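Each chain, written out:
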Amino acid sequence: MSEGGTRQLAIFGGRPTFAKPLHVGVPNIGDRERLYSRIDSILTRRVLTNGGPLVAEFEARIADLVGVRHCVAMSNGTVALEIVTRALGFEQEVITPSMTFVATSHALQWQQITPVFCDVAPGAHHLDPARIKDLVTPRTTGILPVNLWGRPCNIDTILSVAGQYDMPVVFDSAHAFGCSYKGKMIGGFGQAEVFSFHATKFINSFEGGAVVTDDTGLADKVRLMQNFGFQGRDTVVHVGINGKMTEIEAAMGLTSLESMGTFVEHNRRNYHAYKAGLHRVPGVELIEYDEGERCNFQYIVIELDERITSVTCGQMLEILSAENIDARRYFYPGCHRMEPYRSYFPNAGLLLPNTETLLSKVLTLPTGTSVSVEQVEKITALIARVVENGPSLSVRFRAGISRKSSYANAACEA
Ligand SMILES: *Cc1c(COP(=O)(O)O)cnc(C)c1O
């Protein structure tokens, strides 16, 4: 296409598509009045934490929604992962994907457990069950798969492989609250699952997390460990930590839960707008949700095939960023390329070819209740325009025009 088509892109000095940056993971906020009245009740009661009624109510609501016996609310998802894996006796080596937020591996490494990174299947985003057996050693004590983007991993197959070795499985379902697998809510699989209610997640409690399980013994142990190992007032029966959720976090969590239907509906509309807008854009594949299942539609993820788009993932990111579309390369460059894993296992990438290929193509785009369908339509139109002009853009990038983008970015932020 002609130069004229690209002249107005913000990266070349044009006016950005949006006046203010659109971010990934802007918090979904429920009914303020409900939140304020709950906070007021907390202050009147003077029970701020330690077994207050709102945390108990939040736990009961989560357990009920997920269909499990027990929910232990936590200060965050990372501590929840650390506590439940410790309670289950995970040690030495645990098999887990590298294609995840670094908290998954950190929760293990923090306890001196080695995360053994398992590749994703070709073209997939989740841990490849077929690779697990190659990674099992006499030191393997468990599997920690991730239900990335709120899409279930291959849960049945992973559980059956784990069963062959009699190994416990904990699912990192930080993204997957409100989602189902084969008609059953995520949260009810394996020995236990962990949710995150961090501000950026679908349902938030400012910060927060939870362990959910049907195993009463495990739930009891997890509850002890998250409160310094206390059993009653003066008896400590286990080493523990402080992983408690506060009442004010539970107030936010409960208020978020009440708006869950609205959040899903909003996300679903955005998802469909993305789908419609990107449908005919060659080289850009929207990762679809299986709408036969319950989905939270919280992550809009695209894969770029640069052989078709001409522009690389990094260049697309720069172009979007200049337009005030703050896309993210989640979870680039992969846990195995972050410290300390990178130094411990400098050659891990050799065993993770699919993960590396995937991470070179993936972008996450803004959605959530702060992003409107009209904004999504502008984003998809822009991506379509970039791809249409891909060859000439890539020439300009090669000619070093990208220096101008830093200038444009600085100007936008100023
Ligand atoms: C957010 C997240 C976590 C950690 O949750 P926090 O509540 O932020 O500690 C763990 N795993 C994944 C995949 C996440 O996205």
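Residues numbered from 1 in each chain as written. Predicted model: local features only at pLDDT ≥ 70, side-chain atom pairs only at ≥ 80, totals over all residues. Heavy atoms only, no water.

Undergrad: Would you explain the overall build of the chain in this entry?
TA: When you go through the chain residue by residue, the secondary structure sums to 17 helices and 14 strands. Here the chain has a C-alpha radius of gyration of 22 Å; the compact-globule value for 414 residues is 22 Å, and the two agree. Across the 414 residues in the chain, those meeting the buried criterion constitute 54%. Here the contacts in the chain between residues at least 6 apart in sequence split such that 71% fall between residues at least 24 apart. Summed over all atoms, the accessible surface of the chain reaches about 18,100 Å², with 52% contributed by carbon and sulfur. On the chain, the mean spot of the 39 positive side-chain charges and the mean spot of the 43 negative ones are 5 Å from each other. (Helix = DSSP H or I, 4+ residues; strand = E, 2+ residues; numbered from the N terminus. Rg over C-alpha atoms; globule rule 2.2 N^0.38 Å. Buried < 20%, exposed > 50% of the residue type's maximum accessible area, 1.4 Å probe, protein only. Contact = heavy atoms within 4.5 Å. Areas by Shrake-Rupley, 256 points an atom, 1.4 Å probe, with all protein chains shown as cover. Lys, Arg positive; Asp, Glu negative; His and termini not counted. Charge placed at Lys NZ, Arg CZ, Asp CG, Glu CD.)

Undergrad: Mind showing me how you'd approach helix H10 (residues 260-278) here?
TA: For an α-helix, 3.6 residues make a turn, and residues three or four places apart therefore share a direction. Along its 19 residues, H10 runs 27 Å from first to last C-alpha, staying within 8% of the 27 Å computed at 1.5 Å per residue. Buried residues of H10: Met260, Phe263, Val264, His266, Asn267, Asn270, Tyr271, Ala273, Tyr274 and Leu278, and no others. Buried residues along H10 sit in contact with helix H3 (53-66), helix H9 (247-258), strand S11 (284-286), strand S12 (300-304), strand S14 (362-365) and helix H15 (373-388). (Expected span 1.5 Å × (residues − 1).)

Undergrad: Quick question: what am I supposed to make of the sheet that holds S12 here?
TA: To summarise the sheet geometry, strands pair through backbone hydrogen bonds and adopt either a parallel or an antiparallel arrangement. The strand order across the open sheet formed by three strands is S11-S12-S14, and the pairing between neighbours is antiparallel. Two strands bound the open sheet, and with one partner strand each, they are S11 and S14. Within the sheet, the average angular offset between the axes of one strand and its neighbour, ignoring direction, is 30°. As defined by bridge partners, S12 adjoins S14 across four bridges and the pair is classed as antiparallel. Along S14, the bridge assignment pairs Ile302 with Leu363. H10 rests against S11, S12 and S14 of the sheet, and its axis sits at about 155° to S11. (Pairing = 2+ DSSP bridges. Axes fitted to C-alpha atoms, helices over the stretch in contact; angles between N-to-C directions.)

Undergrad: When you look at the site of the ligand in this model, what are you seeing that I'm missing?
TA: Around the ligand, a shell composed of 14 residues is seen, among which Thr78, Asp172, His175, Ser196 and Lys201 lie nearest. One of the side-chain nitrogen or oxygen atoms of Thr78 is found 2.6 Å away from an oxygen atom of the ligand. In the model, an oxygen atom of the ligand is placed 3.2 Å from a nitrogen or oxygen of the Lys201 side chain. Look at the ligand: alone it shows 380 Å² of surface, and the protein chains cover 93% of it. At a threshold of 2 Å from the grid points, most atoms of the ligand map onto the largest pocket. Elements with a contribution of two residues or more to the shell around the ligand: helix H4 (77-87) and helix H5 (103-109). Of the residues contributing to the shell around the ligand, the split by class is three nonpolar, nine polar and two charged. (Near = heavy atom within 4 Å. Polar contact = N/O pair within 3.5 Å; in protein donor to acceptor, adjacent residues only side chain to side chain. 1 Å grid on protein atoms, 1.4 Å probe; cavity = no way out; pocket = protein on both sides within 12 Å on 5 of 7 lines; lining within 4 Å. Sits in = over half its atoms within 2 Å of the grid points. Nonpolar A, V, L, I, M, F, W, Y, C, P; charged D, E, K, R; others polar.)

Undergrad: What is the right way to look at empty space enclosed by the protein in this model?
TA: The gaps left among the atoms become clear once a water-sized probe is rolled over them. Tallying each qualifying case throughout the model produces one cavity of 30 Å³ or more. Taken as a whole, the largest cavity spans an internal volume of roughly 40 Å³. As for the largest cavity, its lining consists of Ala174, His175, Ala176, Phe177, Ser196, Lys201, Phe202, Ile203, Asn296, Gln298 and Tyr299. Here the residues of the lining of the largest cavity are counted per class, giving six nonpolar, four polar and one charged. Both of domain 1 (5-26 + 260-327 + 366-398) and domain 2 (32-258) provide at least three residues apiece to the lining of the largest cavity. (Points joined across faces, edges and corners; volume = space filled by probe spheres on them. Domains from an automatic or database assignment.)

Undergrad: Help me out: how do you make sense of the layout of surface pockets in this one?
TA: Approximately 590 Å³ is the volume attributed to the largest pocket. Every residue lining the largest pocket is counted, 37 residues in all, and those nearest its centre are Phe101, His175, Thr200, Lys201 and Phe331. A per-class count over the lining of the largest pocket returns 18 nonpolar, 14 polar and five charged. If you count residues domain by domain, the lining of the largest pocket takes at least three from each of domain 1 (5-26 + 260-327 + 366-398) and domain 2 (32-258).

Undergrad: Explanation requested: the state of the cysteines in the structure shown.
TA: Between two cysteines, a covalent bond joining their sulfur atoms is known as a disulfide. Applying the stated criterion across every chain, the model contains zero disulfides. In this structure Cys71 is a free cysteine whose sulfur lies 16 Å from that of Cys179, the closest cysteine sulfur available. You can call Cys71 buried: its relative accessible area is 5%. (Disulfide = S-S within 2.5 Å.)

Undergrad: Can you help me understand the sheet that holds strand S4 (residues 114-118) in this one?
TA: Pairing is parallel across the open sheet formed by three strands, whose spatial order is S4-S3-S5. With partners counted over all chains shown, the strands left at the sheet margins are S4 and strand S5 (140-143), one partner each. Pairwise comparison of adjacent strand axes, ignoring direction, gives a mean angle of 35° for this sheet. Here three bridges tie strand S3 (residues 93-97) to S5, and the two strands are oriented parallel to one another. Each bridged residue has a counterpart across the sheet, and for Ile95 the counterpart in S5 is Ile143.

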